[in-house]
Amino acid sequence: MLYGILVATKSNDDAAHVTQRAAILAGGLREATLDIFSVVTPAGTRRILSWMRGSEHHAERTEQERTMRRLSCQSEYLREQYGIRCTIASGVGALAAQVAARVRTSATDIVVLGGHAPHWTKSSTGDGEAARIARMCGRPVLLVRNEPRCAYTRIAVPNDFSDDALRVTETVMRLLPEAHITFLHSYRVAGQGAMSRAGVVDRTIDNGRLRAQRQAQAAFSTFLQRLGRPLTKFSLVLTAQPEALATRTYLRTVKPDLIALADGAASLLLGWLNDSTPWTVLNDTRCDVLLLAPRQAHSVSTS
């Protein structure tokens, strides 16, 4: 089954690292298509108008022609370096709207974007461009922050054993079948704070922590059974630390290639887009980000 990869960039951005990452992804899949789509945004048009004479339409056409020449060169480079053929196209307008329109007319399974935190993840209005595109398209969005040196091999997935965490895991398994997934789970010891303040002996608290760990391990076993196919390369990290702190510590010390999560407030750890602490965690790390739209997000149909 073909896996459709759509690379979406702004015409005035240097996106060589994004297309290279997409080519590496395509090369790791049995069958994949690669579509490179560059958008002439209003800001890009204004930049051209500032140094050339003519109408806005003329500026847009000039920028589109320049963009298509650049895309043609990128396409040839990817064919020579990675043996991958791709389609190229350009659009004019707001990036998110243009990408959503492109998804409607293509067999797209994932959108690949480029950028650097915090611009692509969270804007001052609280709704970043990557999240907006994921919601409008109903497709996973891969945010490429780093120069690609090799295929993704180490993936971090915060896991509260919810349906959202299941969707994230199955998406990673399909996109990166050879990668090792490390699940991060923060368990809670019921009443630990109250027991500590009441002077309860450490042994009782330790027993409560041990019970919580066993419950988490049992929940993880059930989670694995819910997956559509067996997962072979994985590990589970259990911690009593608060989730944001545990995730930040793991990302800083282990430095995984990619962190995968869902945009949704329904579950404990996946309400990332509405909580400033998790956004601080993402902005503190340099790893790439795979973001899934909420389950109720608008999903465009392909034709």
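Residue positions are given per chain, counting from 1 as you read along its sequence in written order. The predicted origin of the model limits local features to residues at a pLDDT of at least 70 and limits the giving and counting of side-chain atom pairs to 80 or more, whereas totals for whole chains, interfaces and linings rest on all residues. The basis for every side-chain value is the complete set of heavy atoms in the structure, and neither hydrogens nor water enter the calculation.

*Asks:* I'd love a proper account of the overall build of the chain, names of residues and values included.
*Replies:* A tally of helices and strands in the chain yields ten helices and ten strands. Exposure classes here rest on a 1.4 Å probe applied to the protein chains alone. A residue is buried below 20% of its type maximum, exposed above 50%, and partly exposed in between. Among the 303 residues that make up the chain, the fraction classed as buried is 50%. Of the contacts made within the chain by residues no fewer than 6 positions apart, 79% connect residues no fewer than 24 positions apart. To measure how exposed things are, a 1.4 Å probe is used in the Shrake-Rupley method; for residues, cover is taken only from the protein chains shown. Just so you have it, the chain exposes about 14,700 Å², and 51% of that area is on carbon and sulfur atoms. Segments assigned H or I by DSSP are reported as helices when at least four residues long, segments assigned E as strands when at least two residues long, and all are numbered from the N terminus. Any two residues whose heavy atoms approach within 4.5 Å are treated as being in contact.

*Asks:* Go over the confidence of the model for the chain, please, and point to the residues and values.
*Replies:* pLDDT: the predictor's confidence for each residue, scored from 0 to 100. Averaged over every residue, the pLDDT of the chain is 81; residues scoring 70 or more account for 76%. Within the model, pLDDT remains below 50 along residues 122-127, and this stretch shows seven contacts once partners closer than five positions in the same chain are excluded. Below a pLDDT of 50 lies the segment residues 265-277, which in the model reaches 41 contacts outside its immediate sequence neighbourhood of four places, other chains included.

*Asks:* I'd like a description of the sheet that holds strand β4 (residues 110-114), backed by residues and values.
*Replies:* The strands making up a sheet associate through backbone hydrogen bonding, with each pair oriented either parallel or antiparallel. The strand order across the open sheet formed by ten strands is β3-β2-β1-β4-β5-β10-β9-β6-β7-β8, and the pairing between neighbours is mixed. Of all the strands in the sheet, the pair left with one neighbour each is β3 (86-92) and β8 (234-239). For this sheet, the mean angle separating the axes of adjacent strands, direction not counted, is 20°. Each of β1 (3-10), β2 (32-40), β4, β5 (141-144) and β10 (288-292) is contacted by helix α1 (residues 16-27), which is oriented at about 175° to β1, the strand it contacts most. In this description, a line fitted to the C-alpha atoms serves as the axis of each element, helices being fitted only across the stretch in contact, and the angle between N-to-C directions of two axes falls anywhere from 0 to 180 degrees. Packed onto the sheet, helix α6 (residues 163-175) meets β1, β4, β6 (154-158), β7 (180-186), β9 (258-262) and β10 and runs at close to 140° relative to β9. Paired strands are those between which DSSP finds at least two bridges.

*Asks:* Explain the pattern of salt bridges to me, and be specific about the residues and the numbers.
*Replies:* A pair is scored as a salt bridge if a Lys or Arg side-chain nitrogen falls within 4 Å of a carboxyl oxygen belonging to Asp or Glu. Throughout the structure, instances matching the rule amount to nine salt bridges. A salt bridge links arginine 154 to aspartate 257; the nearest nitrogen and oxygen atoms lie 3.8 Å apart. Remark: aspartate 257 occurs in the loop between α9 (243-254) and β9 and arginine 154 occurs in strand β6; sequence separation between them is 103 residues.

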